[in-house]
Amino acid sequence: MPNEILNEISHRRYNPLRDTWVLVSPHRTKRPWQGQQESPGVIDLPQYDEKCYLCPKNKRASGDSNPDYTDCYAFVNDFSAVKEVQDDQDYKPDGAGPAGIEAELLQAKPERGKCYVLTFSRRHDLTLADMSAEEIRKVVKMWTDIYTSHLSPKSPLAGLRRTIFTPPQSPSNDGKAQPEQYRHMQIFENKGAAMGCSNPHPHGQIWTQTNVPEEPGSELLNLIKYKKEKGRHMLVDYAALEIMKEERVVYQNNSFLVLCPWWATWPFEVMLLPKRHIRALVDLDDTEQAELASCIAEITRRYDNLFETSFPYSMGIHQAPLEGPEDEIESSSLHVHFYPPLLRSATVRKFLVGYEMLAEPQRDITPEQAASRLRDCGGELYRKKLKSTEAKQVEVSPSGFKATSQPAS
């Protein structure tokens, strides 16, 4: 079916990574909007904020003070979602109901883990879109160090560790924490108040836990199934197909591809895919680390340029589990998801409600249309252009008065 037709008719698209479907309704982009509008994201912050608990040398809620760090800084979250140490007591259903069905219907089990906060820069006023690819590469390296420091010694990936990194310890555990091999590490960033981010200082989080959560777990099952049936890796095949078709590609370099996936749910959702099979961050060589950083710089800058606003999103990395059987590790494929909520402007947001909550995901703008718009947003970050234009328009005369220069006719 030609894409021209898909731009006009309602249709469903299959997501082989999740084994799910999404409803696409491109004709709905023409509807007038009278719903809720967000305040556009604005970057007007100081380079250092004495009240910010992430800025260098400032005190955090735990009472600890941050060091005078220069680039990235990681510490154990003072309000971790999962704890390293819990009471020995376990929840046990009491066997109520006919035939003791409570044990089937009211299940719960303890979850342990360790959560980190990772600042991307010492400067309070930056985002990844403002940072250079070389600065972002330091973030990629820290992600890699923390991931590899938690790998199981039994993992095929363990022997690839190139640096020795000791993850920070939680001071609140008072030495009670016992070494534990966790199964999953979720690296992510929530950018912007619209995504629930409580502090504008550039930072992300890393949650490490006992079990593999639902979304990466579902992806892993389908990656394993594809590998067994085809003898190839799904996302390597998919990347090659998208490069051939070009319709949804936003940006690419020698190692990575940025695209709006065929099955995207969010209006300007993108994936970062390696062109070769890469199981996890630890597989990347120095060049690939740099090119992953370049892709992150490109897409975050294009997001901000799209509506000339500080563009909100949730970003997360999916990769091989920290521990698991060989088929899990070898079938895993490193990839990065960006889920941004903005729909048609800096103030109109896409909410997953109604049909999306009760039936299946739905989108209006097609991934092909979204990719085209993001391709057109390359180049210098819009706010740097504005500052450059303002600087050229204002000159200081010999008398000390400011005069606005006129553009040449």
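Residues numbered from 1 in each chain as written. Predicted model: local features only at pLDDT ≥ 70, side-chain atom pairs only at ≥ 80, totals over all residues. Heavy atoms only, no water.

## Considerations on the packing of aromatic side chains
Working step 1: As enumerated under the stated definition, the model contains twelve aromatic pairs in all.
Working step 2: Within the aromatic cluster, the residues linked to one another by ring pairs are Phe268, Tyr303, Phe307, Phe311, Tyr313 and Phe338.
Working step 3: Positioned above the aromatic ring of tryptophan 262 is the side chain of arginine 13, whose terminal nitrogen or guanidinium carbon lies 4.0 Å from the ring centre.
Working step 4: Of note, arginine 60 hangs over the ring of phenylalanine 75, and the distance from its end group to the ring centre comes to 3.8 Å. (Phe/Tyr/Trp six-rings, centres within 6.5 Å; stacked < 30°, edge-to-face > 60°. Lys NZ or Arg CZ within 6 Å of the ring centre and 35° of its normal.)

## Side note on the sheet that holds strand β3 (residues 73–76)
Working step 1: Pairing within the open sheet is antiparallel, and its nine strands lie in the order β3-β4-β6-β5-β10-β11-β9-β8-β7. Since the sheet does not close on itself, it has two edges, and those belong to β3 and β7 (249–252), each with one partner. On average, each strand axis in the sheet is tilted by 20° relative to the strand beside it, whichever way the strands run.
Working step 2: Here five bridges tie strand β5 (residues 184–191) to strand β6 (residues 203–209), and the two strands are oriented antiparallel to one another. Of the residues in β6, the one forming a bridge with isoleucine 187 is isoleucine 206. (Pairing = 2+ DSSP bridges. Helix = DSSP H or I, 4+ residues; strand = E, 2+ residues; numbered from the N terminus. Axes fitted to C-alpha atoms, helices over the stretch in contact; angles between N-to-C directions.)

## As for the pattern of salt bridges
Working step 1: The full count for this structure, using the stated rule, is 22 salt bridges.
Working step 2: Between arginine 232 and aspartate 237 there is a salt bridge, with the nearest N and O atoms lying 2.8 Å from each other.
Working step 3: Look at arginine 232 and you get partly exposed, because its relative accessible area is 42%.
Working step 4: Residues joined by salt bridges that share partners form a network here, namely Arg13, Glu242, Glu247, Arg248 and Glu368. (Salt bridge = Lys/Arg side-chain N within 4 Å of Asp/Glu carboxyl O. Buried < 20%, exposed > 50% of the residue type's maximum accessible area, 1.4 Å probe, protein only.)

## Things to note about helix α4 (residues 214–230)
Working step 1: With 17 residues, α4 ought to run about 24 Å at 1.5 Å a step, and its terminal C-alpha atoms sit 24 Å apart, in line with that.
Working step 2: Of the positions making up α4, those classed as buried are Pro216, Gly217, Glu219, Leu220, Asn222, Leu223, Ile224 and Tyr226.
Working step 3: Check the buried side of α4 and you find it contacts β5, α5 (234–245), β10 (313–318), α7 (326–331) and β11 (335–339).
Working step 4: Backbone geometry just after α4 places glycine 231 at a positive phi near 75°. (Expected span 1.5 Å × (residues − 1). Contact = heavy atoms within 4.5 Å.)

## Observations regarding unusual backbone geometry
Working step 1: With phi around 60°, aspartate 19 is a residue other than glycine that occupies positive phi space.
Working step 2: By the element assignment, aspartate 19 lies in the loop between β1 (11–15) and β2 (20–24).

## What about the packing of helix α6 (residues 286–307) against helix α9 (residues 367–375)?
Packed helices, taken two at a time, are described by the angle between their axes plus the distance between the axes.
Working step 1: Running from amino to carboxyl end, α6 crosses α9 at an angle of 95°, the nearest separation of the two axes being 9 Å. By the angle between their directions, the pair α6 and α9 is classed as roughly perpendicular. Mapping the contact onto sequence places Ile299, Arg302, Tyr303, Leu306 and Phe307 in α6 and Arg373, Leu374 and Arg375 in α9.
Working step 2: Grouping the constituent residues of the contact of α6 with α9 by class yields five nonpolar, no polar and three charged. (Parallel < 35°, antiparallel > 145°, perpendicular 65-115°, else oblique. Nonpolar A, V, L, I, M, F, W, Y, C, P; charged D, E, K, R; others polar.)

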